[in-house]
Amino acid sequence: MTAPLTPPHQPPPNDDPWQKGPSGATPWPGPDGSGDEGPGVRAELVQAAVVALLVAVVGVLLGLLWMWLAPHVPLISDGKAVYLKDSEGEQAVGSDGTFALLGLAFGAVSAVAVFLFRRRGGVPLVLALAVGGLLGSLLAWRVGIWLGPSQDVVAAAKHAGKGVTFDAPLKLAAKGALLAWPVAAMIVHLGLTAVFGPRDPEPEWASPYPPAPLPPLGYEDSAPEPDGQKP
């Protein structure tokens, strides 16, 4: 006769972490039972709002650099009409490219600054970088046009005089360049978080039930024969 190999059924203990509470929801026990250790949702939203505002304000600097570095389109007047001095020039395309390159640089720098300020990732920070970068690009576009050459071409031609070259108004023909800053900021920040960000601890999947006891070893029904006797 051998002992049964299957242990008797053990009822689940009362402190089962997967049991449902009074509201019917199933709680998820954290590493120490305290839940999420990061800042609260309100603190993250406040930080995200501050980041978006600061990034948007930096757009003024982008507008100033764009106005200074972008190639200007030369115009000339004959007293009756205004013409392009160089009809085959690529200054207009260069203006859009300068804005896009500056936007990429500002996006990368803002992402690095935000990552160094707060090394934790999160959706609110990424969205703040995207929104702040887009607002900063719009602000830079308007600042560059406002502080650049006059938008009144007729008045500028009269002021310059007949046969005198003057600059055309600063223009952003490719509006897609406005997305260079937010896209670069999101990509760089996500990359930094993935490479250098803190790692979440691996969850320990401990069984809520106690280990089953080992079954006793089997034994034979017949007793051993005495020494010197044969069966």
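Residues numbered from 1 in each chain as written. Predicted model: local features only at pLDDT ≥ 70, side-chain atom pairs only at ≥ 80, totals over all residues. Heavy atoms only, no water.

Visitor: Even after reading the chapter, I still don't get the overall build of the protein, so can you show me in this structure?
Guide: Counting secondary structure elements, the protein contains 6 helices and 3 strands. From first element to last, N terminus to C terminus, the protein shows the α and β order α-α-β-β-α-α-α-β-α. Looking at the 231 residues of the protein, the share that counts as buried comes to 27%. Residue pairs in contact within the protein that sit at least 24 positions apart in sequence constitute 81% of those at least 6 positions apart. A total accessible area of about 15,900 Å² is found for the protein, and carbon and sulfur atoms account for 66% of it. (Helix = DSSP H or I, 4+ residues; strand = E, 2+ residues; numbered from the N terminus. Buried < 20%, exposed > 50% of the residue type's maximum accessible area, 1.4 Å probe, protein only. Contact = heavy atoms within 4.5 Å. Areas by Shrake-Rupley, 256 points an atom, 1.4 Å probe, with all protein chains shown as cover.)

Visitor: Explain a nonpolar patch on the surface here, please?
Guide: Taken together, the side chains of Val131, Leu134, Leu135, Leu138, Leu179, Val183 and Ile187 make up a nonpolar region of the molecular surface, amounting to roughly 580 Å² of accessible area. Elements with a contribution of two residues or more to the nonpolar patch: α4 (123-147) and α6 (180-196). Here the nonpolar patch gets 4 residues from one element, more than from any other, and that element is α4. With respect to the secondary-structure elements, Leu179 resides in the loop between β3 (166-167) and α6. (Patch = residues over 30% accessible without salt bridge, like charges linked within 9 Å, V, L, I, M, F, W, Y side chains within 5 Å. Salt bridge = Lys/Arg side-chain N within 4 Å of Asp/Glu carboxyl O.)

Visitor: Explain the packing of aromatic side chains here, please?
Guide: The geometry of an aromatic ring pair comes down to the distance between the two centres and the angle between the two planes. The tally for this structure, following the rule as stated, stands at 2 aromatic pairs. Note on Trp66 and Phe99: the rings are 5.0 Å apart at their centroids and 80° apart in plane angle, and the pair reads as edge-to-face. Separated by 33 residues along the polypeptide, Trp66 in helix α2 (residues 59-69) and Phe99 in helix α3 (residues 91-117) bring together distant segments of the chain. Positioned above the aromatic ring of Trp141, the side-chain terminus of Arg142 is 5.0 Å from the ring centre. (Phe/Tyr/Trp six-rings, centres within 6.5 Å; stacked < 30°, edge-to-face > 60°. Lys NZ or Arg CZ within 6 Å of the ring centre and 35° of its normal.)

Visitor: What should I look at first to understand α6 in this one?
Guide: A turn of α-helix holds 3.6 residues, and therefore any two residues three or four places apart point the same way. Helix length check: α6, at 17 residues, gives a terminal C-alpha distance of 24 Å against a target of 24 Å (1.5 Å per residue), a fit within 8%. Three or more residues of α6 are buried, namely Ala180, Trp181, Pro182, Ala184, Ala185, His189, Leu192 and Thr193. Lining the buried residues of α6 we find α1 (41-57), α2, α3 and α4. (Expected span 1.5 Å × (residues − 1).)

Visitor: I tried to follow the nonpolar core on my own but got confused; where do I start?
Guide: By size, the foremost hydrophobic cluster in this structure holds 24 residues, and its most contacted members are Val51, Leu62, Trp66, Phe99, Leu129, Trp141 and Leu172. The dominant element in this core, judged by the number of residues it contributes, is α4, at 6 residues. One finds Val73, Leu75, Phe166 and Ala168 within the second-largest nonpolar core, a separate group that totals 6 residues. (Core = buried A, V, L, I, M, F, W, Y, C linked by side-chain atoms within 4.5 Å.)

Visitor: Please clarify how the environment of Ala184 should be interpreted in this entry.
Guide: Tracing the sequence through the fold places Ala184 in helix α6. The exposure class of Ala184 is buried, given its relative accessible area of 11%. In this structure, the C-alpha to C-alpha distance between Ala184 and Ala130, residues 54 residues apart in sequence, is 8.9 Å. Apart from residues no more than four positions distant in its own chain, Ala184 is found in contact with Leu104, Gly107 and Ala108.

Visitor: Which parts of the structure should I look at to understand the environment of Ala100?
Guide: By secondary structure assignment, the location of Ala100 is in helix α3. What makes Ala100 partly exposed here is its relative accessible area of 22%. Ignoring any residue separated from it by four or fewer positions in sequence, one finds Ala100 in contact with Ala177 and Ala180.

Visitor: I keep staring at the packing of α2 against α3 and nothing clicks. Help me out?
Guide: A packed helix pair is summarised by two numbers, namely the angle formed by the two axes and the spacing between the axes. At a minimum axis distance of 10 Å, the contact between α2 and α3 shows a crossing angle of 145°. Of the two possible hands of crossing, α2 and α3 adopt the one that is right-handed. Each of Leu61, Leu62, Leu65, Trp66 and Leu69 in α2 lies in contact with α3, whose residues at this interface are Ser95, Thr98, Phe99, Leu102, Gly103 and Phe106. The residue inventory of the contact of α2 with α3, partitioned by class, reads 8 nonpolar, 3 polar and no charged. (Axes fitted to C-alpha atoms, helices over the stretch in contact; angles between N-to-C directions. Left-handed = near helix turned anticlockwise from the far one by under 90°. Nonpolar A, V, L, I, M, F, W, Y, C, P; charged D, E, K, R; others polar.)

Visitor: Where do I start with the confidence of the model for the protein in this structure?
Guide: Low pLDDT marks regions whose predicted coordinates should not be analysed in detail. For the protein, the average pLDDT comes to 77, and 65% of its residues sit at 70 or higher. Of all secondary-structure elements in the protein, the lowest mean pLDDT belongs to strand β2 (residues 82-84), at 71, while α2 reaches the highest, 95. Across residues 26-37, where pLDDT falls below 50, the model places 10 contacts with residues more than four positions away in sequence or in other chains. (pLDDT = per-residue confidence, 0-100.)

Visitor: Quick question: what am I supposed to make of the environment of Phe196 here?
Guide: Looking at the secondary structure, you find Phe196 in helix α6. Between the alpha carbons of Phe196 and Arg119 there is a distance of 8.2 Å; along the sequence they are 77 residues apart.

Visitor: So what exactly am I meant to see when it comes to the side chain of Ser137 here?
Guide: Position of Ser137 relative to the elements: it lies in helix α4. The residues touching Ser137, leaving out its near neighbours within four places in the chain, are Phe99, Leu178, Trp181 and Pro182.

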